[in-house]
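# Architecture and fold: a report
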Amino acid sequence: KMLEEGKLITVRTHTRFVHFPPHKHNYVEVLYVCMGSVTNIIDGREVVLKTGELLFLNQYTSHEILPAEVDDIVINFMVLPQFFDVAYSMAGNNNVLADFLVNVLRRDNQQGEYLHFKVSEVLQIQNLLENIIYSLVNGEENRERINQTTMGLIFMYLVESVQYVEMRL
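In this report, we go over the structure that sits alongside the text. (Residues numbered from 1 in each chain as written. Predicted model: local features only at pLDDT ≥ 70, side-chain atom pairs only at ≥ 80, totals over all residues. Heavy atoms only, no water.)

## Comments concerning the packing of aromatic side chains
Here is the rule: Stacked, edge-to-face and tilted are the three classes for Phe, Tyr and Trp ring pairs, Trp counted by its six-membered ring, which pair at centre distances within 6.5 Å; planes under 30 degrees apart are stacked, over 60 edge-to-face, the rest tilted. Only DSSP runs of H or I reaching four residues or more are called helices, and only runs of E reaching two or more are called strands; each is numbered from the N terminus. Buried residues are those whose accessible area, probed at 1.4 Å on protein chains only, stays under 20% of the maximum for their type, while exposed residues exceed 50% and partly exposed ones sit between those limits.
Applying the stated criterion across every chain, the model contains five aromatic pairs. Centroid distance Phe56 to Phe84: 6.5 Å. Interplanar angle 55°. Geometry classified as tilted. Placement of Phe56 in strand β6 (residues 54-57) and of Phe84 in the loop between β8 (73-79) and α1 (85-91) is noted, with a sequence separation of 28 residues between them. Between Phe56 and Phe155, the ring centres sit 6.2 Å apart and the planes meet at 75°, which makes this aromatic pair edge-to-face. Of this pair, Phe56 sits in strand β6 while Phe155 sits in helix α4 (residues 144-160); the two residues are 99 residues apart in sequence, bridging distant segments of the chain. The class of Phe56 is buried, set by a relative accessible area of 1%. Judged by relative accessible area, Phe155 falls into the buried class, the value being 0%. Here the aromatic cluster, defined as three or more aromatic residues joined through ring pairs, consists of Phe56, Phe83, Phe84, Phe117 and Phe155.

## A short note on the nonpolar core
As a reminder, the rule being used: Here, nonpolar core means buried Ala, Val, Leu, Ile, Met, Phe, Trp, Tyr and Cys residues that are tied together by side-chain atoms lying within 4.5 Å of each other.
Counting residues in each nonpolar core, the largest one holds 28 residues, and the members touching the most others are Leu54, Phe56, Phe77 and Leu158. A per-element tally of this core places helix α3 (residues 123-137) first, with five residues. Judged by nonpolar contacts, the second largest core, of eleven residues, contains Leu31, Val38, Val47 and Leu49.

## Brief notes about the sheet that holds strand β7 (residues 63-65)
Let me state the cut-off plainly: A pair of strands is treated as paired once DSSP finds two or more bridges between them. With axes taken as lines fitted to C-alpha atoms, and helix axes fitted only over the stretch in contact, angles between N-to-C directions fall between 0 and 180 degrees.
Within the open sheet, the four strands sit side by side as β2-β7-β4-β5. Their pairing is antiparallel. This sheet does not close on itself; its edge strands, each paired only once, are β2 (20-23) and β5 (45-50). Strand-to-strand, the axes of this sheet are offset by a mean angle of 20°, without reference to chain direction. In this structure, strand β4 (residues 37-42) lies alongside β7, joined through three bridges in antiparallel fashion. Looking across to β7, one finds that Ile42 is bridged to His63.

## Quick look at the pattern of salt bridges
Put simply, the rule is: In what follows, salt bridge is the name for a side-chain nitrogen of Lys or Arg lying within 4 Å of a carboxyl oxygen of Asp or Glu.
Under the definition given, this model contains two salt bridges. Among the ionic pairs, Arg45 bridges to Glu166, the shortest N-O distance being 3.6 Å. Separated by 121 residues along the polypeptide, Arg45 in strand β5 and Glu166 in strand β10 (residues 165-168) bring together distant segments of the chain. A relative accessible area of 36% places Arg45 in the partly exposed class. For Glu166, a relative accessible area of 23% gives the class partly exposed. Where Lys118 meets Glu166, a salt bridge forms, and the shortest distance between an N and an O atom there is 3.3 Å. Taken together, the residues Lys118 in the loop between β9 (114-117) and α3 and Glu166 in strand β10 connect sequence positions 48 residues apart. Given a relative accessible area of 36%, Lys118 falls into the partly exposed group. Each of Arg45, Lys118 and Glu166 takes part in one network of salt bridges that share partners.

Here is the structure:
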């Protein structure tokens, strides 16, 4: 219901001041903190995202989101797993982290699987994320391939940024 027919990705701002009780999705959710912070509870574990950080939640991962405050600005990406096909091919076939990243995003199980990238200092990732957000918010037509390629570039930088990842399987 969050994705229009035929769309592989959409974006919206996270609603502040609201507690989101435990829930799950039939799509991959990616949270990006533009400013402030947001707290998720995943399998009883508190995961705090700060400015510039990313959280990838695989399909069906149950999570709870605590209320965000007035200065917290968070972007939610709702993504169908096939959107990542281009990113996966760009990141390379024999790359352990790329394989792991894509496999976690495609898995269909009930475990609290997530990847938390603490990449606020990686300006290339920040710029690429802003490009995707701008494209999606402004409804630029025929940008899906560009957005998929941009996500591929983000994956390539994430693969190089393994020292910034926290994961739970």
